[in-house]
Every structure is written in C-alpha cells, then in structure tokens.
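# Architecture and fold: a report
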Amino acid sequence: DAMVIQNPRYQVTQFGKPVTLSCSQTLNHNVMYWYQQKSSQAPKLLFHYYDKDFNNEADTPDNFQSRRPNTSFCFLDIRSPGLGDAAMYLCATSPRVASAGNEQFFGPGTRLTVL
Amino acid sequence: DQQVKQNSPSLSVQEGRISILNCDYTNSMFDYFLWYKKYPAEGPTFLISISSIKDKNEDGRFTVFLNKSAKHLSLHIVPSQPGDSAVYFCAATLTGANNLFFGTGTRLTVIP
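The paragraphs below set out a description of the structure included in this document. Quick caveat, the model's predicted, so the values are computed rather than measured. (Residues numbered from 1 in each chain as written. Chains lettered and ligands numbered in written order. Predicted model: local features only at pLDDT ≥ 70, side-chain atom pairs only at ≥ 80, totals over all residues. Heavy atoms only, no water.)

### A few points about unusual backbone geometry
In this model, Asn7 of chain A is joined to Pro8 of chain A through a cis peptide bond whose omega is -15°. Along the chain, the position of Pro8 of chain A falls in the loop between strand S1 (4-7) and strand S2 (10-13). Of note, the amide linkage connecting Val78 of chain B to Pro79 of chain B takes the cis form, showing an omega dihedral of -10°. With respect to the element layout, Pro79 of chain B can be found in the loop between strand S8 (72-77) and strand S9 (86-93). Residues other than glycine seldom take positive phi values, yet Ser40 of chain A does so here, at roughly 65°. Within the secondary structure, Ser40 of chain A sits in the loop between strand S4 (31-37) and strand S5 (44-50). In the Ramachandran plot, Lys71 of chain B falls in the positive-phi region, its phi being about 50° despite a non-glycine side chain. Looking at Lys71 of chain B, the relative accessible area reads 26%, which means it is partly exposed. (Helix = DSSP H or I, 4+ residues; strand = E, 2+ residues; numbered from the N terminus. Buried < 20%, exposed > 50% of the residue type's maximum accessible area, 1.4 Å probe, protein only.)

What follows is the structure in structure tokens.
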C-alpha cells in the first residue's frame, strides 16, 4: 500500500540536544510538508518542499531545519530543542501544491518529548 | 490568529443517531474545505471535501454543508457508528496556497 511513513514514532531527547525526525513516502508525490501539533491545538505548518524547492513559513523558528535528499525522503532537524518544542510532528504529502481538490496525505506522526 | 475554528472540543452521540460537527472560518478567500478524521496513534486521514462553488457534498454516510455567507461548514454523519469515534479536523485552503489551515479538532464519541 502506498503510504507516508514516519520514524521514529516516539522520540525522547534532552534539552538542547539536536534531534532528527524522518519521513518517507511511497506515493511519489511532489510536495512534502512538516506540521507541528501541540496538545489540543491545530496542526501548524512549519515548511514544505515542492520537489527540491524549500518553502519556510514566516513564523517557523530558525531552530527548525529540513532536508529532502530525494523524492521519497524528508527530514526535520531541530538544532537545539527546547521544552516548548515538545509536540507531535506530522509529515504530509500531496501531488502538487495546495489547490482546490488537492488533499494532503499524512503519516502517523512522531511524538517528541524534550527532557 | 486562528482562521479556522472548531468551538466544540467534544461531542457524544448515540449509535444510529446523527452526528453534526461544526466549523467556522474567518478568511473569506478560502475556497476549498476538507474534513480529516484522526484515530489515536495515527495521522489524520482525508474524509470529505467541498469546493466553495458548492453548498453540499455527500459521500455515503458523510455530508458536508457549506454556508459561505455565514462562513460556516458542518459535517453530518448519518447514521453514526462506534467506529466513527475519532477526532475530526476541519481544514481550509485557497487556490494557490501551500497551507492547509486546520481547526483544533472535535472529539466524537459514538456510544453503542
């Protein structure tokens, strides 16, 4: 089955220790997104890749970076995690950038805990 | 500023009855609306959508209604089943935008 896979599902890191979250997709979609979702809040877009084109949301902290080495994989790097970065991180894909009729397909998420 | 709002954090409904989940938005430029369903430990999955040129879209037990003048949409589930118990997210976007703007979700519990 075509899908979006996120590893690990649960990640524990220490305050200030860099961490990388991974996302892969078998859908061959052009666009990959990273969302942050804190408890009882709406998912919030951090950035997205359209092919190799990186697009950062204006309010995404510099602490968050991303890499997309190929179509299938996308990584979220948090350079110095703070306690406020504890959240669920959702990866999503879509065939093209958002337009009418273009829904996004989500992975199961990685829950990040910062100690 | 939250552009998509789901003011009911939770809803309980008896099996077989209708579930109505509501969503309000503030940006009149939104032209496409989606509902996602999320089970625990899984990512959101697409459920149903509606374009702003329509006021209703139906897919089996699920119907979405859009009232553009009120900037309001609702998801109706008839009849509700225990397997429908999940968190439902409303999302909106506009043509050419990269972002889906999500609400905070409504947890639906269908009681057998």
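### Re the interface of chain B and chain A
The interface is formed by 21 residues belonging to chain B together with 23 residues belonging to chain A. Counting the surface lost from both chain B and chain A, the interface buries some 1,700 Å², and carbon and sulfur atoms represent 60% of this. At the boundary of chain B and chain A, one finds 0 salt bridges. Applying the counting rule to chain B against chain A returns 2 residue pairs in polar contact (both at pLDDT 80 or more). The set of elements that each furnish at least two residues to the side of chain B that touches chain A consists of strand S4 (32-38) and S9 of chain B. The dominant element in the side of chain B that touches chain A, judged by the number of residues it contributes, is S4 of chain B, at 3 residues. (Contact = heavy atoms within 4.5 Å. Buried area = accessible area lost by both parts, 1.4 Å probe. Salt bridge = Lys/Arg side-chain N within 4 Å of Asp/Glu carboxyl O. Polar contact = N/O pair within 3.5 Å; in protein donor to acceptor, adjacent residues only side chain to side chain.)

### What about the pattern of salt bridges?
Within the structure shown, the criterion is met by 5 salt bridges over all chains. Here Lys44 of chain A makes a salt bridge to Asp59 of chain A, at a shortest N to O gap of 3.2 Å. Within this pair, whereas Lys44 of chain A is found in strand S5, its partner Asp59 of chain A is found in the loop between strand S6 (53-56) and strand S7 (64-67), the two being separated by 15 residues in sequence. Exposure remark for Lys44 of chain A: the relative accessible area of 31% places this residue in the partly exposed category. Of the charged contacts in the structure, one is a salt bridge between Asp77 of chain A and Arg67 of chain A, with a shortest N-O distance of 2.7 Å. Here Asp77 of chain A is found in strand S8 (residues 73-78), whereas its partner Arg67 of chain A is found in strand S7, with 10 residues between them in sequence. On the basis of relative accessible area, Asp77 of chain A is assigned to the buried category, the value being 14%. One salt-bridge network, in which partners are shared between bridges, spans Lys37, Arg61 and Asp84 of chain B.

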